[in-house]
Each structure stands twice: as structure tokens, then as C-alpha cells.
Amino acid sequence: MSTATSTASESTNPAGISPGDAAAELDNLREEIDTLDTQLIEMWNRRAELSKRIGQLRMASGGTRLVLDRERAIMSKFRTALGEDGSQVAMLLLRAGRGPL
């Protein structure tokens, strides 16, 4: 193996990305994930607030604490969009808004 060939193979991986480029891209991707995580947490909290308020209004008008048809629709929407993991996400979202059953 020539020196030029070994130097080139040491400076890039099989995908042709240099270690420096890979590190910079990793930093950028992680920064984007951190931003998305912050947004998800904010949306989660806002959704929980809205859900709690809906429950209060429903009970104040003589309704039940929860509406099973609505919960089933939410579960179905998340399961369809995300697969089986979607069911778990939906359950956590519902619980955040109404508390445990």
C-alpha cells in the first residue's frame, strides 16, 4: 500500500467523510436535536395544560372526567402515525393531561 493511499484511507471513512467533517456534522445534528427536544417539551406542557382545562370545563358542564371515544381516537392517530410505539406516546400524553386512571 502506498503512502498516499494509506494517508487518504486514514483521513476518511468508507463513506468518504473526513473525521473533521463528521465531527462538525455530529455537532450540528445534536444541536438540532437539542432544539427539537426543547420544542417537544414546550408542546408537551402546553398540550397537558389544554387537556386539563378541557377536563375542567367538561366536568363543570356536567360531563365526565374523560371521554373514551376521544382517547381511542387519539391512540389510533398516534398508532397509525408511529406504529406500536405511538400507542405508548399517546398513553403518556393522555396521562399528562388527565392524570392516571
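In this text, all values refer to a predicted model and were calculated from it rather than measured experimentally. (Residues numbered from 1 in each chain as written. Predicted model: local features only at pLDDT ≥ 70, side-chain atom pairs only at ≥ 80, totals over all residues. Heavy atoms only, no water.)

Caption draft 1: Here's a closer look at the overall build of the chain. When you go through the chain residue by residue, the secondary structure sums to four helices and zero strands. Here the chain, with 101 residues, has 15% of them falling under the buried criterion. Taking the intrachain contacts of the chain between residues at least 6 apart in sequence as the baseline, contacts between residues at least 24 apart amount to 42%. For the chain, the accessible area works out to roughly 7,900 Å², and carbon and sulfur atoms hold 59% of it. (Helix = DSSP H or I, 4+ residues; strand = E, 2+ residues; numbered from the N terminus. Buried < 20%, exposed > 50% of the residue type's maximum accessible area, 1.4 Å probe, protein only. Contact = heavy atoms within 4.5 Å. Areas by Shrake-Rupley, 256 points an atom, 1.4 Å probe, with all protein chains shown as cover.)

Caption draft 2: The side chain of S87, seen in detail. Relative to the helices and strands, S87 is located in helix α4 (residues 84-98). Within the structure, S87 has its side chain in polar contact with the side chain of R79 (distance 3.3 Å). Residues in contact with S87, not counting those within four places in the same chain, are M75 and R79. (Polar contact = N/O pair within 3.5 Å; in protein donor to acceptor, adjacent residues only side chain to side chain.)

Caption draft 3: Geometry of the pattern of salt bridges. Applying the stated criterion to the full structure yields three salt bridges. For E49, the salt bridge goes to R46, with nearest N and O atoms at 3.3 Å. Here E49 pairs with R46, and both are found in helix α2 (residues 19-60), just three residues apart, close to one helical turn. For E49, a relative accessible area of 47% puts it in the partly exposed group. A salt bridge links R72 to D69, with the nearest nitrogen and oxygen atoms 3.0 Å apart. You can see R72 and its partner D69 sitting in helix α3 (residues 68-82), three residues apart, about one turn around the helix. (Salt bridge = Lys/Arg side-chain N within 4 Å of Asp/Glu carboxyl O.)

Caption draft 4: Representation of the environment of S87 within the structure. For S87, a relative accessible area of 10% corresponds to the buried category. For the pair formed by S87 and S76, sequence separation is 11 residues and the distance between their alpha carbons is 7.5 Å.

Caption draft 5: How the structure looks around the packing of α2 against α4. Across the interface, α2 lies against α4 with an axial gap of 7 Å and an inter-helix angle of 55°. Between α2 and α4, the angle is such that the two are oblique. Every pair of crossing elements has a handedness; the one defined by α2 and α4 is right-handed. In contact with W44, R47, A48, S51 and K52 of α2, α4 contributes L92, L93, L94, A96, G97 and R98. Taken together, the residues of the contact of α2 with α4 break down into six nonpolar, two polar and three charged. (Axes fitted to C-alpha atoms, helices over the stretch in contact; angles between N-to-C directions. Parallel < 35°, antiparallel > 145°, perpendicular 65-115°, else oblique. Left-handed = near helix turned anticlockwise from the far one by under 90°. Nonpolar A, V, L, I, M, F, W, Y, C, P; charged D, E, K, R; others polar.)

Caption draft 6: Layout of α2. When the terminal C-alpha atoms of α2 are compared, their 61 Å separation across 42 residues agrees well with the 62 Å that a helix rising 1.5 Å per residue should span. A positive backbone phi angle near 90° is found at G62, which sits one or two residues after α2. (Expected span 1.5 Å × (residues − 1).)

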